[in-house]
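Structural overview
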Amino acid sequence: MTPDDPWLAAVWPFVRAELPPTPATVLEMGCGLLGGFVPALLDAGYQAVGVDPEAPEGPDYRQIEIEHYEPLHPVDCVVASLSLHHVVELDAALDQLQALLVPGGVLVVVEWAWERFDEATAQWCFARLASPAPGAEPGWLHRHQERWAASGKPWDGYLRDWATEEGLHPAEAILRGLDARFDRRFHAESPYFFADLADTSETQEQAAIDAGQIRAGGIRYAATRP
């Protein structure tokens, strides 16, 4: 089963390729309201649990911060998708990821490098936003477009101030922390925004990256615990 959410569906092939063989135990850190990859993991034959304060109800989820989650036993694999850049204490979260894995266990990370979201990339995204449906909440890129216009600041200053207010960790810090604790086996920069844009595919975003029009905002990383 492929996840229904466009972003999850696009990233699932990478995640699936890095997983250990079934029926391994997999913990997804930061599965979110939709349950993340947990339904697809279960459908593929894994023993999966999603951990997130906003996780869905049900036996396959735990509504708790990852820093406070204490499983009965370490797991064979941890998947962390778009969760590390906004944890309160990065080192504590990374230490917990290390403790959650068995020796030789697999870590799969999908992240956002917010510091690469420069003005050229922002303008490229804003030009491809669809109008919100009547009565619908504006998406996160719509909100950035509106807040930036209201701030009167240059884009770099606006983005830096926003990231500071949100307590976001840059991708470089995340990668340094991961490499200090795990044995890296894969790392790549990748498209990130396409799922929130109108009539824009992952392939089209990659073409814009390759042409130097925008910067790659996505990070895909896999490693094993020593």
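I will try to describe carefully the structure that is included in this document. (Residues numbered from 1 in each chain as written. Predicted model: local features only at pLDDT ≥ 70, side-chain atom pairs only at ≥ 80, totals over all residues. Heavy atoms only, no water.)

A short note on the overall build of the protein
The secondary structure content of the protein amounts to eight helices and seven strands. Radius of gyration (C-alpha) of the protein: 18 Å, near the 17 Å computed for a compact globule of 226 residues. Projected onto the principal axes, the alpha-carbon positions of the protein cover approximately 50 × 35 × 35 Å. With 226 residues in all, the protein has 49% of them scored as buried. By sequence separation, contacts in the protein at least 24 residues apart represent 70% of the contacts at least 6 residues apart. Split by element, the accessible area of the protein, about 10,900 Å² in all, is 51% carbon and sulfur. Between the mean site of the 15 positive side-chain charges and the mean site of the 35 negative ones, the protein shows a separation of 5 Å. (Helix = DSSP H or I, 4+ residues; strand = E, 2+ residues; numbered from the N terminus. Rg over C-alpha atoms; globule rule 2.2 N^0.38 Å. Buried < 20%, exposed > 50% of the residue type's maximum accessible area, 1.4 Å probe, protein only. Contact = heavy atoms within 4.5 Å. Areas by Shrake-Rupley, 256 points an atom, 1.4 Å probe, with all protein chains shown as cover. Lys, Arg positive; Asp, Glu negative; His and termini not counted. Charge placed at Lys NZ, Arg CZ, Asp CG, Glu CD.)

Section: helix H5 (residues 140–151)
Compared with an ideal rise of 1.5 Å per residue, which puts 12 residues at 16 Å, H5 spans 16 Å between its outermost C-alpha atoms and is within 8% of the ideal. Regarding H5, the residues found buried are Trp140, Leu141, His142, His144 and Trp148. Of the residues one or two after H5, Gly152 is the one with positive phi, at around 70 degrees. (Expected span 1.5 Å × (residues − 1).)

A look at unusual backbone geometry
Cis geometry is adopted by the peptide bond preceding Pro23, which originates at Thr22 and carries an omega value of 5 degrees. With respect to the helices, strands and loops of the structure, Pro23 is situated in the loop between helix H1 (6–18) and strand E1 (25–29). We note that Leu82 has phi near 55 degrees; this positive angle belongs to a residue other than glycine. With respect to the helices and strands, Leu82 occurs in the loop between strand E4 (75–81) and helix H3 (90–100). The phi torsion at Asp199 lies on the positive side, around 50 degrees, for a residue other than glycine. Relative to the assigned elements, Asp199 resides in the loop between strand E6 (183–190) and helix H8 (202–210).

Points about the packing of aromatic side chains
Scanning all chains against the criterion turns up 18 aromatic pairs. Ring centres 5.4 Å apart and planes at 5 degrees place the aromatic pair Trp112 and Tyr192 in the stacked group. Pair noted here: Trp112 is in strand E5 (residues 101–112) and Tyr192 is in the loop between E6 and H8, with a separation of 80 residues, a long-range link. Residues Trp112 and Tyr192 agree in their burial class; the two are buried. Through a chain of ring-to-ring contacts, the aromatic side chains of Trp7, Trp112, Phe117, Phe126, Trp140, Trp148, Trp155, Tyr158, Trp162, Tyr192, Phe193 and Phe194 assemble into a single cluster. (Phe/Tyr/Trp six-rings, centres within 6.5 Å; stacked < 30°, edge-to-face > 60°.)

Notes on helix H4 (residues 119–126)
Among all positions of H4, only Thr121, Ala122, Trp124, Cys125 and Phe126 are buried. Where H4 is buried, its residues touch H5, helix H6 (155–166) and H8.

Observations regarding the pattern of salt bridges
Scanning the entire structure with this criterion turns up seven salt bridges. Linking Arg185 and Glu18 is a salt bridge whose minimum nitrogen-to-oxygen distance equals 3.1 Å. Residue Arg185 is located in strand E6, and its partner Glu18 is located in helix H1; the two are separated by 167 residues in the primary sequence. Look at Arg185 and you get partly exposed, because its relative accessible area is 43%. By sharing partners, the salt bridges in this structure join Asp91, Asp95 and Arg181 into a single network. (Salt bridge = Lys/Arg side-chain N within 4 Å of Asp/Glu carboxyl O.)

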